[in-house]
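# Geometric and topological summary
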Amino acid sequence: MIFTSTVNFIFGAGTVFVQIAVVFLAAAWLFSLTVPDSLRRWALHAAFAAAALSVLGGLIYSEIIGYAPCKLCWIQRIFMYPTALLLGMALWGRHKGSPALIDASFILTIIGGAVALYQYFLQLGVVPEGLCAALGSSVSCAERFVMEFGYITIPLMALSSFLLIILLLRLARQGAH
């Protein structure tokens, strides 16, 4: 129990940090603010780190803590896992710097983020559980295993990561031009 509480706190605090970064990057984009060149140069690395840490976090919750992923969690994983792989290939693979790998990752994160947003609204009771119930038997997609700082759930952690990756990939593509 202490381990789980500690993990939830660390992941919750990390999510708050990610959300601050998302607000900064979104404001820079929307208001055409100058972003430091060093951030532009390292944006792809940061996007890969965010994806890899998201994969690791999901595995910690399911394989170490023992939270069974629901159907929507699996769908989010389907979009996050290849994102981490593609970004790793874009950084170090034979196709290093490939715009196609970055664009594919961008599309995967948009779709994964939409699923995470839907599940977060589902957990808040804003939308009915119809879609999740129609996907078959599993843990309820509306069940909250984590509620850190009064608002952070696992789908919100995923959504925050997806948003950060989207904004970092946009910045990386912008820096490449």
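These remarks concern the structure in this document. Bear in mind the structure is a predicted one, so any value in this text is a computation, not a measurement. Within every chain, residues take consecutive numbers counted from 1 along the sequence as written. Under the rules for a predicted model, residues below a pLDDT of 70 receive no local features and side-chain atom pairs below 80 are neither given nor counted, while totals for whole chains, interfaces and linings still include all residues. The side-chain values count all of the structure's non-hydrogen atoms but skip hydrogen atoms and water molecules.

### What to know about the overall build of the chain
The condition is simple: A helix here means a DSSP run of H or I that spans at least four residues, while a strand means a run of E at least two residues long, and both kinds are numbered starting from the N terminus. C-alpha atoms define the radius of gyration, and 2.2 Å times the number of residues to the power 0.38 defines the globule rule. When accessible area is computed with a 1.4 Å probe and restricted to protein chains, residues below 20% of their type maximum are described as buried, those above 50% as exposed, and intermediate ones as partly exposed. Every residue pair with non-hydrogen atoms within 4.5 Å of one another is taken to be in contact.
If you tally the helices and strands in the chain, you get six helices and zero strands. For 177 residues, the compact-globule formula gives about 16 Å, and the C-alpha radius of gyration of the chain, at 16 Å, lands near that figure. In terms of principal-axis extent, the alpha carbons of the chain reach across some 45 × 30 × 30 Å. When burial is assessed residue by residue, the chain has 42% of its 177 residues classed as buried. Residue pairs at least 24 apart in sequence account for 75% of intrachain contacts in the chain once pairs closer than 6 positions are excluded.

### Concerning a nonpolar patch on the surface
Threshold: Residues enter patches when their relative accessible area tops 30% and they take part in no salt bridge; the joining distance is 9 Å for like charges and 5 Å for the nonpolar side chains Val, Leu, Ile, Met, Phe, Trp and Tyr. For every accessible area listed, the method is Shrake-Rupley and the probe measures 1.4 Å; residues are considered covered only by the protein chains on display. Salt bridges are identified by distance alone: a Lys or Arg side-chain nitrogen within 4 Å of an Asp or Glu carboxyl oxygen.
Taken together, the side chains of Leu-117, Phe-121, Leu-124, Val-126 and Met-147 present a nonpolar region at the surface, about 400 Å² in accessible area. Checked against the element boundaries, Leu-117 lands in helix α4 (residues 99–124).

### So, the packing of helix α1 (residues 2–30) against helix α2 (residues 37–65)
To keep it simple, the criterion reads: Interaxial angles span 0 to 180 degrees and are taken between N-to-C directions of axes, which are lines fitted to C-alpha atoms, for helices over the stretch in contact. By definition in this entry, angles of less than 35 degrees are roughly parallel, angles greater than 145 are roughly antiparallel, angles of 65 to 115 are roughly perpendicular, and the rest are oblique. Here is the rule for handedness: rotate from the far helix to the near one, and if that takes an anticlockwise turn smaller than a right angle the crossing is left-handed, while a clockwise turn gives right-handed. Classification convention: Asp, Glu, Lys, Arg as charged; Ala, Val, Leu, Ile, Met, Phe, Trp, Tyr, Cys, Pro as nonpolar; all other residues, Gly among them, as polar.
For the pair α1 and α2, interaxial distance at closest approach is 12 Å and the crossing angle is 155 degrees. One way to sum up the angle between α1 and α2 is to call them roughly antiparallel. Here the hand of the crossing between α1 and α2 comes out left-handed. Mapping the contact onto sequence places Phe-3, Thr-4, Val-7, Asn-8, Phe-11, Phe-24 and Leu-25 in α1 and Leu-39, Gly-57, Ile-60, Tyr-61, Ile-64 and Ile-65 in α2. Its residues placed into classes, the contact of α1 with α2 shows 10 nonpolar, three polar and no charged.

### Quick look at the pattern of salt bridges
Taken as a whole and assessed by the stated rule, the structure comprises one salt bridge. The salt bridge partner of Arg-173 is Asp-103, with a shortest N-O separation of 3.5 Å. Placement of Arg-173 in helix α6 (residues 154–176) and of Asp-103 in helix α4 is noted, with a sequence separation of 70 residues between them. The exposure class of Arg-173 is partly exposed, given its relative accessible area of 23%.

### So, the nonpolar core
For clarity, the threshold we go by: Take the buried Ala, Val, Leu, Ile, Met, Phe, Trp, Tyr and Cys residues and link them wherever side-chain atoms come within 4.5 Å; each set so joined is a nonpolar core.
Formed by 42 residues in total, the largest nonpolar core has its most connected members in Leu-44, Tyr-61, Leu-87, Leu-164, Ile-165 and Leu-169. Sorting the residues of this core by element identifies α1, α2, α3 (71–92), α4 and α6 as the ones contributing at least two each. Per-element accounting of this core gives the leading share, 12 residues, to α6. Every residue in contact with Leu-164, bar those within four places of it in the chain, is listed here: Val-18, Ala-21, Val-22, Leu-25 and Ala-50. Among the nonpolar cores identified, the runner-up in size contains seven residues, and Cys-73, Val-115, Leu-122 and Cys-141 belong to it.

### Some words on the environment of Gly-57
Within the element layout of this structure, Gly-57 appears in helix α2. Looking at Gly-57, the relative accessible area reads 10%, which means it is buried.

### What about the packing of α2 against α3?
Running from N to C, α2 and α3 cross one another at 140 degrees; their axes reach a closest spacing of 9 Å. Crossing of α2 against α3: the hand is left-handed. When α2 is examined against α3, the residues Leu-44, His-45, Ala-47, Phe-48, Ala-51, Ala-52, Ser-54, Val-55, Gly-58, Leu-59 and Ser-62 are found in contact with a partner set consisting of Arg-77, Met-80, Tyr-81, Thr-83, Ala-84, Leu-87, Gly-88, Ala-90, Leu-91 and Trp-92. For the contact of α2 with α3, a count of residues per class yields 14 nonpolar, six polar and one charged.

### Re the environment of Tyr-81
Among the structural elements, Tyr-81 can be located in helix α3. Separated by 68 residues in the primary sequence, Tyr-81 and Ala-13 place their C-alpha atoms 22 Å from one another. Among all residues touching Tyr-81, those that are not within four sequence positions of it are Val-55 and Leu-59.

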